[in-house]
Amino acid sequence: MIKAIAISNLKGTVQARIELPRVAVLVGENGTGKTTVIQAGKLSITGAVPEANVSGTSDVFTLARSGEGINSLSVGLELDGPAGPFQFARNYSRAVTRDPGTGKTGEKVSQDITLFPANGETKLADKEAKIRLVCGLDPVSVDVRSFLDMSDAKRRDFFYGLGGAGGLGGGGAGGYT
């Protein structure tokens, strides 16, 4: 279950930590940050926000808060599940580069992910895999013919088993290890 969303320099938000109840409904006037909260959740889990044309690290600063010197952006989630609390954040930084030969300037955007607790994940791909596991985003293969041959009770058990010991929504493999 998502307990809180942390946002820094995303759209109009300088810095915020939003605690969420078990069921949350976002209500407010236009321009008050409802979409920003949803996009922060998507960006923190997947590293992308397709509807905002953010498909990877190089695009992320299109969502950055406006202003001079905004060279960092961070989004993260605090979760609570059957294996206990888990937190992660995607931290983006941007540096202006200049080619000494041509004088042209460009920008270099980098990303790091922090995990807590971490189990020795050092590579970005390993950290992303951990997020997918904890959030239940890894694909599942199903033999459709065998599935259709199951009784209703067996189909239900199959779906409950996808969430591990805590049932659906409790994390991909039922734990964070």
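See the structure printed just above.
Predicted model only: the values in this text are computed from it and were never measured.

Visitor: So what's going on with the sheet that holds strand β2 (residues 13–19)? Which residues, and what values?
Guide: Strand pairing within a sheet occurs via backbone hydrogen bonds; the two strands may be parallel or antiparallel. Pairing is antiparallel across the open sheet formed by 5 strands, whose spatial order is β2-β1-β3-β4-β5. Across the chains shown, the open sheet's two edge strands, defined by having one partner strand only, are β2 and β5 (105–116). Here the average twist between neighbouring strands, direction ignored, is 5 degrees. As defined by bridge partners, strand β1 (residues 2–10) adjoins β2 across 6 bridges and the pair is classed as antiparallel. Across the sheet, the residue bridging to Ala 4 is Glu 19, located in β2. Of the strands in this sheet, β3 (72–81), β4 (84–98) and β5 touch helix α2 (residues 124–135), which is tilted by about 50 degrees from β5.

Visitor: Which residues make up the layout of surface pockets, and what values do they have?
Guide: Counted as a void, the second largest pocket has a volume near 220 Å³. At the level of secondary structure, the elements contributing two or more residues to the lining of the second largest pocket comprise β1 and α1 (34–46). No other element matches α1, which puts 4 residues into the lining of the second largest pocket. Among the residues forming the lining of the second largest pocket, the class breakdown is 11 nonpolar, 1 polar and 1 charged.

Cut-offs and rules
- Residues numbered from 1 in each chain as written.
- Predicted model: local features only at pLDDT ≥ 70, side-chain atom pairs only at ≥ 80, totals over all residues.
- Heavy atoms only, no water.
- Pairing = 2+ DSSP bridges.
- Helix = DSSP H or I, 4+ residues; strand = E, 2+ residues; numbered from the N terminus.
- Axes fitted to C-alpha atoms, helices over the stretch in contact; angles between N-to-C directions.
- Contact = heavy atoms within 4.5 Å.
- 1 Å grid on protein atoms, 1.4 Å probe; cavity = no way out; pocket = protein on both sides within 12 Å on 5 of 7 lines; lining within 4 Å.
- Points joined across faces, edges and corners; volume = space filled by probe spheres on them.
- Nonpolar A, V, L, I, M, F, W, Y, C, P; charged D, E, K, R; others polar.

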